[in-house]
Amino acid sequence: MEIAANTKISAILKANPAAIEAIASINRHFEKLRNPLLRKVLASRVTVADAARIGGCSEEDFYRILEPLGFCPRAATGNTAKQTAAVVAIPAYLEQLRPENLLTLDVREDITTGNDPFLRIMAAVGRLDSSNALQLINTFEPTPLIDILKKKGYAAYAEEQSPDLVHTFFWLEHLTEVGEAVAEKEPASADLKALMHAYEGKLVHLDVRHLEMPQPMVSILSHLETLPAGAALYVTHRQVPQFLLPKLQERGFAVAIQQAEPGEVFLLIYKV
Amino acid sequence: MSTATVSNSPSKWVVLPHFAFAALSFMALSVLLLFSTDAFGGHYFHPKLLTLTHVAVLGWATMLIFGALYQLLPVVLECRLYSEKLAVYTCGLLSSGTISLAYSFWYFQLGWTMHLAACLLLIAFLLFNINVIQTARKAPKWTIEADFIVTSAVWLLVTGLVGVLMALNFTYPFLPQEHVHYLKLHAHIGMAGWFLLLIIGVGAKLIPMFLLAHPQGTRKLNWAYNLINGGLLLFIVDHMLLHTGWLPLYAGLVAAGLLLFLSYLQEARKTMQRKEVDLGMQQTFVALALLLLPLVLVFVVSSDLKLPQGLQLSLYLVYGISVFLGFVTALILGQTFKTLPFIVWMHAYEDHVGKYKTPLPKDLYSHTLLRWQNISYLAGFVMLLAGVLLGQRQLILAGSIVFSIAASLYTANVFQLLLHRAHDLKPFTYGSANT
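Residues numbered from 1 in each chain as written. Chains lettered and ligands numbered in written order. Predicted model: local features only at pLDDT ≥ 70, side-chain atom pairs only at ≥ 80, totals over all residues. Heavy atoms only, no water.

**Section: the interface of chain B and chain A**
Stage number 1. At the interface, 40 residues of chain B touch 38 residues of chain A.
Stage number 2. With both chains or domains summed, chain B and chain A bury close to 3400 Å², and 60% of this area falls on carbon and sulfur atoms.
Stage number 3. At the surface where chain B touches chain A, the tally comes to three salt bridges.
Stage number 4. Taking the shortest distance from any N to any O, the salt bridge between Lys 338 of chain B and Glu 212 of chain A comes out at 2.8 Å.
Stage number 5. Where chain B packs against chain A, one counts five residue pairs in polar contact (both at pLDDT 80 or more).
Stage number 6. Among the elements of the structure, α2 (47-77), α6 (179-211) and α11 (309-349) of chain B are those that each provide at least two residues to the side of chain B that touches chain A.
Stage number 7. A per-element tally of the side of chain B that touches chain A places α11 of chain B first, with four residues.
Stage number 8. The residue makeup of the side of chain B that touches chain A, split by class, is 19 nonpolar, 13 polar and eight charged. (Contact = heavy atoms within 4.5 Å. Buried area = accessible area lost by both parts, 1.4 Å probe. Salt bridge = Lys/Arg side-chain N within 4 Å of Asp/Glu carboxyl O. Polar contact = N/O pair within 3.5 Å; in protein donor to acceptor, adjacent residues only side chain to side chain. Helix = DSSP H or I, 4+ residues; strand = E, 2+ residues; numbered from the N terminus. Nonpolar A, V, L, I, M, F, W, Y, C, P; charged D, E, K, R; others polar.)

Here's what the structure looks like:
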């Protein structure tokens, strides 16, 4: 299999599961891959280039270790690992932020014990408004998370304190019209797929297309009241339910939305 | 994950007063109708008829449309209303403007009361335009429905402007032609520009939604938009400048646009997933059927058919009545009971859904009253039209009485909805669920 900087780690692992051990041997950053749950949530969101940056090594390290397993690197693109070096100035927004407006979330323990901190992080992000920021403390630069949140209109800034300690800051990019529109209307299909994956086997399906307003809302909210812990509700709807979204947020649920075609929208609703 | 922190839906204190005022106007309209049976025998430029028309189009139809739009715009355009404050101001300006205008026409006082009324209304329309256009600018995606709604608001402003000029012209004559000439312009911009475009814009979204249908594509709507606006613009240019005899052609363009809209709905209806059609939708279909009458009459009144003077005048009246008391009123009577119960329900129960047993919107009003309202409306309307056409004052009176019954039933039902309070909610028991 040909690999390159933009190849997903999950694709490599799928092609040859022996790659798990090989990558994990590069350095101890990648030992997380041995944990099946973390593997599932991280590997599908990270490319070789991302991984090299997270692990503080070069893409060549990957090619070198993977070549014996039958992977051949495509012609080098000149992308080197340290290219996006962290010599970015602290954004003005963070500098003027008062300490009491900084929410802090430490997920290092989750990472070491193998719990996926994704939902905890999303819950914390949900508390962000235009006056505060989230400081995420973990052991690596959370590239996939930064990408996901960027699409939702959040800005990010990562600061490497030490090789094992990275502070990443997220805040709501000032509500420019574009930012707001993106935040609300982003189809989030990648998000939805990733979440479907994360909730595999724990999804409750509900089709409300044949119901008249407001029964879709009644039906969805009733199902959420009885949703088993750790499960998510997967809804087929006729339209993006404008009145339901704020209700979900009030009740502590998050939703990923994918507009399939006119008259068909998929919603994945989960507890944050 | 959505970043919407508050609902797109505006406060009920913005929306519901419109419905209350509209219902009272409809009541007032039917009472005024009882005292105007003498006016239907003559020219349409009769103070009582002008009063009736303006109570119907402003206090009843426009007021209700404003209220409904403030609630529906966020649904149609998928964004928040630009300003609730402006919405409250327009409600105050429109209601006070309507009352003073009705007073001025009824007693035919053409002085400062009428000027004041005209200015209040024009400012209301201007603020309404600002609110609609600014809301539309925030919409994440532009749709043909948005085109219809925004354009209709602009035509409302133009209608109001012509109205103000005519009001001033009563006291300080400055317009070059006779008054009735501008009245035709004023009326047609109002009918085709404001009501028709708006009804198509909102109806194209709501009617398929209520039928649970998926119309495919918006090509017909695009053409309807171009034809109606094109026909209206040509009519204005011709009526003001050219004075050719081609008015039926422009009427034809508008009529073709309207037929395309009906065909769009027909297509939607074929894909509907609902089994039964409720009373509100039945009345909506009645309204659409009632459109046929003005559709035919518009050709009669726009062509020079050399009919006897008396018949010509009563046809004009029947034309106006069939638009405002027919199509527009019938549509509102039906659609009120599709939209208002939902609005009231949202405000009363949205926080309780899933946690308590809540009634549904259709449980909040009386279906018996609604059925009798629809029946008495249709009977009253037919009697009134027949009375006007045949010049029978007794028949007009009888029609007005039956019409008043419909208005009373409507008002009673609407106020029952408006005064609804959530009470005695019983929590669900979920058995083994971990809540």
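**Looking at the UniProt feature "domain: DUF2249" (unreviewed entry) in chain A**
All names here are of chain A.
Stage number 1. Look at the UniProt record and you will see "domain: DUF2249" (unreviewed entry) annotated at residues 104-171 and 206-269.
Stage number 2. A distance of 12 Å separates the end C-alpha atoms of residues 104-171, which is 35% helix and 37% strand.
Stage number 3. End C-alpha atoms of residues 206-269 are separated by 11 Å, and the span's content is 28% helix alongside 36% strand. (UniProt positions renumbered as here; feature names shortened; annotations may be inferred.)

**Focus on the confidence of the model for chain A**
Atomic detail in the predicted coordinates should be set aside for any region of low pLDDT.
Residue and element names in this part refer to chain A.
Stage number 1. Counting all residues, the mean pLDDT for chain A is 77, and 88% of those residues have values of 70 or more.
Stage number 2. Between the elements of chain A, mean pLDDT differs from a low of 39, seen in helix α10 (residues 177-185), to a high of 89, seen in strand β8 (residues 232-237).
Stage number 3. Taken together, the stretch residues 77-87 has pLDDT below 50 and engages in 10 contacts with residues farther than four places along the chain or on a different chain.
Stage number 4. Across residues 175-187, where pLDDT falls below 50, the model places 14 contacts with residues more than four positions away in sequence or in other chains. (pLDDT = per-residue confidence, 0-100.)

**A short note on the pattern of salt bridges**
Stage number 1. Applying the stated rule across the entire model yields 15 salt bridges over all chains.
Stage number 2. For Glu 264 of chain A, the salt bridge is made with Arg 209 of chain A, and the minimal N-O distance between the two is 3.0 Å. You can see Glu 264 of chain A sitting in strand β10 (residues 264-271) and its partner Arg 209 of chain A sitting in the loop between β7 (203-207) and α12 (215-225), a full 55 residues away along the chain.
Stage number 3. Residue Glu 264 of chain A is classed as buried on the basis of its relative accessible area, which comes to 18%.
Stage number 4. Taking the shortest distance from any N to any O, the salt bridge between Lys 247 of chain A and Asp 351 of chain B comes out at 2.8 Å. (Buried < 20%, exposed > 50% of the residue type's maximum accessible area, 1.4 Å probe, protein only.)

**Here's the deal with unusual backbone geometry**
Residue and element names in this part refer to chain B.
Stage number 1. Its identity as a non-glycine residue notwithstanding, Phe 108 has a phi of 45°, on the positive side.
Stage number 2. Note that Phe 108 resides in the loop between α3 (84-106) and α4 (112-138).
Stage number 3. Residue class for Phe 108 comes out partly exposed when judged on its relative accessible area of 33%.
Stage number 4. If you check the backbone angles, His 243 has positive phi at about 55° while not being a glycine.
Stage number 5. If you trace the backbone, His 243 turns up in the loop between α7 (219-242) and α8 (247-270).

**Overview of the packing of α3 of chain B against α4 of chain B**
All names here are of chain B.
Stage number 1. Where α3 meets α4, the axes come as close as 8 Å, and the angle between the chain directions of the two elements is 155°. Considering the angle they form, α3 stands roughly antiparallel to α4. Taken as a pair, α3 and α4 cross one another with a handedness that is left-handed.
Stage number 2. Split by residue class, the contact of α3 with α4 holds 18 nonpolar, eight polar and no charged. (Axes fitted to C-alpha atoms, helices over the stretch in contact; angles between N-to-C directions. Parallel < 35°, antiparallel > 145°, perpendicular 65-115°, else oblique. Left-handed = near helix turned anticlockwise from the far one by under 90°.)

**Side note on the packing of aromatic side chains**
All names here are of chain B.
Stage number 1. Taken as a whole and assessed by the stated rule, the structure comprises 24 aromatic pairs over all chains.
Stage number 2. Considering the side-chain rings of Phe 26 and Tyr 410, the 5.7 Å spacing of their centres and the 85° angle between planes classify their relative orientation as edge-to-face. Placement of Phe 26 in helix α1 (residues 12-34) and of Tyr 410 in helix α13 (residues 393-418) is noted, with a sequence separation of 384 residues between them. Taken as a pair, Phe 26 and Tyr 410 share a single burial class, namely buried. (Phe/Tyr/Trp six-rings, centres within 6.5 Å; stacked < 30°, edge-to-face > 60°.)

**Observations regarding the state of the cysteines**
Residues and elements named next belong to chain B.
Stage number 1. Here the structure, examined in full by the defined rule, presents zero disulfides over all chains.
Stage number 2. Here Cys 91 stays unpaired: no disulfide links it, and the sulfur of Cys 119, its closest cysteine neighbor, is 19 Å away.
Stage number 3. When its relative accessible area of 12% is taken as the criterion, Cys 91 is described as buried. (Disulfide = S-S within 2.5 Å.)

**Quick word on the environment of Leu 258 of chain B**
Residue and element names in this part refer to chain B.
Stage number 1. If you trace the backbone, Leu 258 turns up in helix α8.
Stage number 2. In this structure Leu 258 comes out as buried when scored by relative accessible area, which is 4%.
Stage number 3. For the pair Leu 258 and Tyr 225, spaced 33 residues apart in sequence, the C-alpha to C-alpha distance is 9.0 Å.
Stage number 4. Look past the residues within four positions of Leu 258 in its chain and what remains in contact with it is Leu 196, Ile 200, Ile 228, Leu 291 and Leu 295.

**Some details on the confidence of the model for chain B**
Residue and element names in this part refer to chain B.
Stage number 1. Taken over all residues, the pLDDT of chain B has a mean of 89, while the share at 70 or more is 96%.
Stage number 2. When pLDDT is averaged over each helix and strand of chain B, the minimum, 71, is found for strand β2 (residues 426-427) and the maximum, 95, for α3.
Stage number 3. Contacts for the low-pLDDT stretch residues 1-6, under 50 throughout, to residues beyond four places or in other chains number 21 contacts.
Stage number 4. Overall, residues 430-435 carries pLDDT values under 50, and its contacts beyond four positions in sequence, including any with other chains, amount to 10 contacts.
Stage number 5. The complex prediction reports pTM at 0.70, with the ipTM value standing at 0.70.

**Quick notes on the nonpolar core**
Stage number 1. One finds Ile 269 of chain A together with Tyr 410 of chain B to be the most contacted residues of the largest nonpolar core, which totals 186 residues.
Stage number 2. Beyond its immediate sequence surroundings of up to four residues, Tyr 410 of chain B is in contact with Ala 23, Phe 26, Trp 60, Leu 64, Ile 332, Leu 333, Thr 336, Phe 337 and Gln 373 of chain B.
Stage number 3. Grouped together as the second largest cluster of nonpolar side chains are 55 residues, Ile 12, Ile 146, Phe 266 and Tyr 270 of chain A included. (Core = buried A, V, L, I, M, F, W, Y, C linked by side-chain atoms within 4.5 Å.)

**A closer look at the sheet that holds β7 of chain A**
Residues and elements named next belong to chain A.
Stage number 1. One open sheet accounts for four strands, arranged β7-β8-β10-β9; its pairing is mixed. Each edge of the sheet is formed by a strand with only one pairing partner; in this case those strands are β7 and β9 (253-261). In this sheet, neighbouring strand axes are inclined to one another by 20° on average, regardless of whether the strands run parallel or antiparallel.
Stage number 2. As judged from the five bridges shared by β7 and β8, these two strands associate in the parallel manner. Note on β8: the bridge partner recorded for Leu 206 is Val 235.
Stage number 3. Each of β7, β8, β9 and β10 touches α12; the most contacted strand, β8, lies at about 170° to it. (Pairing = 2+ DSSP bridges.)

**As for the pairing of strand β4 (residues 133-138) of chain A**
Residues and elements named next belong to chain A.
Stage number 1. Counting buried residues along β4, six of its six residues qualify, which places the element largely inside the surrounding structure.
Stage number 2. The two faces of β4 match: Ala 133, Gln 135 and Ile 137 on one face and Leu 134, Leu 136 and Asn 138 on the other face are all buried.
Stage number 3. Two strands pair when backbone bridges link them, and strand β3 (residues 102-106) and β4 are joined in this way by five bridges, in the parallel orientation. When the sheet's bridge partners are listed, Leu 102 is paired in β4 with Ala 133.
Stage number 4. Where β4 meets strand β6 (residues 165-172), six bridges bridge the pair, whose relative direction is antiparallel. Bridging from a neighbouring strand, Leu 136 pairs with Thr 168 of β6.

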